[in-house]
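A structural walkthrough
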Amino acid sequence: MPILPSSMIKYMKIKEGVINFFSSNKRIIIPLIIALFYILFYFLVDFSTQSLVAHDEGLYARRAKLIESSDNWFSPPFPSPHHKTLGSYWFIALAIRLFGNSELALRLPSIIASFFCLISAYLIALKITNKKSALISVFSLSSMPLWIQYSRYASPDILFVLCILFVILFFLKSLDSPQFYRQYVYIFVSGFFIATSFFIRSYMAFVPLIGLSPFIFYNLINKRNIFKILFFTGIFIGSIPTFFNLYFSYQKFGIIGITTLFDFARKQALGDFGFNNLLLIPLNFLYLTFPVGILFLILFIFTKPKNNISYPLLIYYYPLISLVILLCMSTSYPHYFLFLLPSLSILFSVILSSNSSRFFISRISIKYLLLILITLISFVLLFFVINYNNFIVQHSYGNTLLVYIICSFLLISYITSIRFVFDIRVLKFDLINFFYNIVIPQYISLSLLFNVGILGNPNSNTKLFLRDEVVYSIISSNTIYLFSVDSKIQTLLSYYLPSSQVVRNAEDLTKYKYLITSDINSLNTLKIKSLFKSIKKSDNQFLLVNISK
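The following refers to the structure shown. These figures come from a predicted structure and were not determined experimentally. (Residues numbered from 1 in each chain as written. Predicted model: local features only at pLDDT ≥ 70, side-chain atom pairs only at ≥ 80, totals over all residues. Heavy atoms only, no water.)

Focus on the overall build of the protein
Put simply, the test is: The secondary structure listing takes helices from DSSP runs of H or I that are at least 4 residues long and strands from runs of E that are at least 2 residues long, numbered from the N terminus. Relative accessibility thresholds used throughout: buried, under 20% of the residue-type maximum; exposed, over 50%; partly exposed, between the two (1.4 Å probe, protein chains only). Only heavy atoms enter the contact rule, under which two residues are in contact if any of them lie within 4.5 Å. All accessibility values rest on the Shrake-Rupley procedure with a 1.4 Å probe; residue burial counts only the protein chains present in the view. His residues and chain termini do not enter the charge count, which takes Lys and Arg as positive and Asp and Glu as negative. In this description, the location of a charge corresponds to atom NZ of lysine, CZ of arginine, CG of aspartate or CD of glutamate.
A count of helical and extended segments in the protein gives 25 helices and seven strands. Judged by the C-alpha coordinates and their principal axes, the protein covers about 85 × 70 × 65 Å. Sorting the 549 residues of the protein into buried and exposed places 49% on the buried side. Put simply, 75% of the contacts in the protein that link residues at least 6 apart link residues at least 24 apart. In the structure as shown, the protein presents an accessible area of about 27700 Å², 66% of it carried by carbon and sulfur atoms. Computed over 44 positive and 20 negative side-chain charges, the inter-centroid distance for the protein is 11 Å.

Below is the structure:
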């Protein structure tokens, strides 16, 4: 028998040790690998393909940059009273300070906050239900189109949701922690994040806090006074940045610096009530939370949870009260509902993981409703791919093959999910596997489309226009004047061109050398068109040079 070299023996021992390690720890390693793979879709973003979404992202970017450059984090650096507390811009401004002025810096706070939101939602669901439901809630939340969009959006919305989740999580921890000193810390931190949520989102914070108030006060009322004192102390400490902000705003603008906050909140909450909200908002909600929203509706109608749910004031009444308030507001944008998505995912996970039929036809009704839904979605997707080829090529920014692969991937996932609804051979009626078979491909597909700039990149032409070699050489060393530019594009240009100035008076145009306008015909009307020569055009944007100078 030949004697193996020592290096070979050593290699075989290492190989055997690695195999034994993986075999003995596979229940930990496999979920960890899946989790890491899942997380990668949050952070593998090609920021060279990203452009800011007008109008809000441009506004948040410009204001955050102004705060960062002024180096004043409490006193508003704006020329007029502002309708929001400065916490709306703090984390974006901090990211600009740390990582420079780029789309990466602007969107990184939302990406990181969204990741921690998933962890917080999992821990909350774990306290209320079990591991199975908690895992379903994470996959539910992360796959919603609205959540995926705002997880990569330069705004304070996801940070606000994280604060609300921290309020809930630490309050729950204070209720069941076995050690008193930890209970004291948790109740203090919960109160702290209540105040922080107001600093980040101003009066919008009152909507979820009003919804949470029955749950909070019901559990606080029987607690010892020390808990109540620490809770309100946390609120007071967390309010210090807001107090500073309001104080300096009052010093700079007088009482109007404070009343502007109230006036903006009043306009958003009160006014002409649109009855179409009662129809359009739920429809948008179902669309922007697909498939969780519509699956939840189907299960809510035809099934009921088997197990009793802990903390019903949190699970049922909190989202219900908040939803009623939002429906009654005169203005309700989709991102106003973001803080409800974790609650929806947790409630959905409870019903999905353990349910019983509400009616004798419940099971057959669910089967055929899901069959109709999947058939309809598959048909729409197939119709879009076949009939809108030119649209796909135009908006895929050179990633046409990726779009077709993703569409095929989604179509296959929809079709194969049917096998979990109907009893086929060894497979039985299994709504949980049906759910996973749809949401995981959807999460991967939508994340990829956002990460490479096919989605969430509506102003790429404006960015390419500014990065053009000729244009860049001019804007990097000259002041650019903006005249008659579309308001949304003007917001973006004010961010990308911080030294630019807006011209209101047409009579002053002849004084300036470089001009960007969206309405070149207005120069003809003013009889000065002959003085300007077009250097570059992109969509409706013209970069002009004054040839008379």
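Observations regarding the pairing of strand E5 (residues 514-517)
Side-chain direction in a regular strand flips from residue to residue, so the side chains alternate between the two faces of the sheet. Formally: Should DSSP find at least two bridges between two strands, the strands are taken to pair.
Burial along E5 is two-sided: Tyr514 and Ile516 facing one way and Leu515 and Thr517 facing the other are all buried. Note: strand E3 (residues 481-483) against E5, three bridges, orientation parallel. Following the sheet pairing, Tyr481 is matched in E5 by Leu515. Sheet analysis places E5 next to strand E7 (residues 541-546), joined by four bridges and oriented antiparallel. Paired with Leu515 across the bridge in E7 is Leu544.

Brief notes about the nonpolar core
Convention followed: To form a nonpolar core, buried Ala, Val, Leu, Ile, Met, Phe, Trp, Tyr and Cys residues must be joined to one another through side-chain atoms within 4.5 Å.
Among the nonpolar cores identified, the biggest contains 119 residues, and Trp147, Leu212, Ile216, Leu326, Phe339, Phe348 and Phe435 are the most heavily contacted of them. Sorting elements by how many residues they give to this core places helix H8 (residues 157-176) first, with 15 residues. With residues up to four places along the chain from it excluded, the contact list for Phe339 reads Phe160, Val161, Met204, Val207, Pro208, Tyr318, Ser322 and Leu326. The next biggest cluster of nonpolar side chains, apart from the first, holds 17 residues, and it includes Ala61, Phe78, Ala93 and Leu492.

So, the pattern of salt bridges
Our working definition: When a carboxyl oxygen of Asp or Glu is within 4 Å of a side-chain nitrogen of Lys or Arg, the pair counts as a salt bridge.
Within the structure shown, the criterion is met by seven salt bridges. With its nearest N and O atoms 2.7 Å apart, the salt bridge here joins Glu68 to Arg97. With a gap of 29 residues between them, Glu68 in helix H3 (residues 56-70) and Arg97 in helix H4 (residues 87-99) connect regions that are remote in the sequence. The salt bridge partner of Arg201 is Asp157, with a shortest N-O separation of 3.1 Å.

Comments concerning the sheet that holds strand E6 (residues 532-538)
Put simply, the test is: Angular values range over 0 to 180 degrees, each being the angle between N-to-C directions of two axes fitted as lines to C-alpha atoms, with helices fitted over their stretch in contact.
Taken in spatial order, the five strands make up an open sheet running E4-E3-E5-E7-E6, and their pairing is mixed. In the strand order of this sheet, the two ends are held by strand E4 (501-502) and E6, each with one partner. Relative to E7, E6 runs antiparallel, the two being bridged by six bridges. Pairing of Lys537 across the sheet is with Phe542, part of E7. Against the sheet, helix H22 (residues 460-467) engages E5, E6 and E7, with an angle of about 130° to E6.

Observations concerning the side chain of Arg201
So the rule is basically this: Identification of polar contacts relies on pairs of N or O atoms within 3.5 Å, with a donor-acceptor requirement for protein atoms, meaning one able to donate a hydrogen and the other able to accept it, and with residues adjacent in sequence counted only if both atoms are side-chain atoms.
Within the secondary structure, Arg201 sits in helix H9 (residues 180-201). Accessibility expressed as a relative area gives 10% for Arg201, which makes it buried. A polar contact is formed between the side chain of Arg201 and the side chain of His335, at a distance of 3.5 Å. Here Arg201 is in contact with Lys84, Pro156, Asp157, Phe160, His335 and Tyr336, once residues within four sequence places are set aside.

Thoughts on the packing of aromatic side chains
To keep things clear, this is the line we draw: Only centres within 6.5 Å qualify two rings of Phe, Tyr or Trp (six-membered ring in Trp) as a pair; their planes then separate them into stacked at under 30 degrees, edge-to-face at over 60, and tilted for everything else. In our convention, an over-ring charge means Lys NZ or Arg CZ found within 6 Å of a ring centre and within 35 degrees of that ring's normal.
Evaluated as defined, the whole model comprises 47 aromatic pairs. Taken together, the aromatic side chains of Phe37, Tyr38, Phe41, Tyr42, Phe43, Phe115, Phe116, Phe139, Phe348, Phe435, Tyr436 and Tyr443 make up a single cluster linked through ring pairs. In this structure, Lys65 packs its charged tip against the face of Tyr495, placed 5.5 Å from the ring centre.

That's the geometry; what it means functionally is another story.
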